[in-house]
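# Examining the three-dimensional arrangement
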Amino acid sequence: MITEKNLLTSILKLTVRGPVSKELLCRDARVPSQVTEKALRKFFDDGLIRLSEKTIETSLSQRVKIAIKALELEADFEKVCGFLGWQEFESIAALAFEANNFAVERRFRFTLVNRRWEIDVIGCKEPIIVCVDCKHWHYGWGRSAIAKAVEAQIERTKTLTETLHSTHAMHKRLGLTSWKRGILIPLILSLVPG
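Residues numbered from 1 in each chain as written. Predicted model: local features only at pLDDT ≥ 70, side-chain atom pairs only at ≥ 80, totals over all residues. Heavy atoms only, no water.

## Remarks on helix H7 (residues 143-166)
Stated precisely, the cut-off is as follows: Each helix corresponds to a stretch of at least 4 residues labelled H or I by DSSP, and each strand to a stretch of at least 2 residues labelled E; elements are numbered beginning at the N terminus. Each residue after the first adds 1.5 Å to the expected span of a helix. In this scheme, a residue with accessible area under 20% of its type's maximum is buried, one over 50% is exposed, and one in between is partly exposed, where area comes from a 1.4 Å probe on protein chains only. Contacts were defined at the residue level, with two residues in contact if any of their heavy atoms lie within 4.5 Å.
Taking 1.5 Å as the rise per residue, H7 with 24 residues should run 34 Å; its terminal C-alpha atoms sit 35 Å apart, in good agreement. Three or more residues of H7 are buried, namely Ala149, Gln153, Arg156, Thr157, Thr159, Leu160, Thr163 and Leu164. Of the surrounding elements, those touching the buried residues of H7 are strand S4 (103-112), strand S5 (115-125), strand S6 (128-135), helix H8 (168-174) and strand S7 (183-190).

Structure below.
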């Protein structure tokens, strides 16, 4: 289990920019090559990686699955998420909502008064509509940056509320047609605390 966790964490770390050699993976995870080879075949069979004779590759969706598997094996949450790109971080957020029976929309775009808006993740479970702005920053952020992010997310959520009041097409897009009421909640999800 510890070996798999270390290998999965190293795969996330090393494949962020593309394929990685098996040799480098062994060194980074501090796992012997024979043990690594056996684990890599298992990861390949589970659809977590693409494997060639000397290299390992991952797609965006495979990297998200690897992160989830590493977390299931009790890898450090911040460390694992720190190796994810912003799209992968959003996917993890969406999967967390889905695991809790929320209907999810990712990168939800809408227009009001000739201005385009986007919310990273919307999670809907009657009567709750959570509007999430994912901040995939790897360093602490200051009070003014937090205040700006919060104000912007409140504005996006208010604008979505106005749009929901003015058009029934938006209800259909979000799957809210049978809802009697909804409570919209703006949320900032950050990798690191402010």
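## Re the sheet that holds S4
What counts, and what does not: Here, strands pair whenever DSSP counts at least two bridges between them. All axes are obtained by fitting lines to C-alpha atoms, using only the stretch in contact for helices, and the reported angles, taken between N-to-C directions, cover 0 to 180 degrees.
An order of S4-S5-S6-S7 is seen for the four strands of this open sheet, with the pairing classed as mixed. Lying at the two open borders of the sheet, with one neighbouring strand each, are S4 and S7. Averaged over neighbouring strand pairs, the angle between their axes works out to 35° when direction is ignored. Relative to S6, S5 runs antiparallel, the two being bridged by five bridges. Paired with Val121 across the two strands is Val132, which belongs to S6. Contacts from helix H6 (residues 86-99) reach S4, S5, S6 and S7, with the element oriented near 115° to S4. Where H7 meets the sheet, its contacts fall on S4, S5, S6 and S7, and the angle it forms with S7 comes to roughly 150°.

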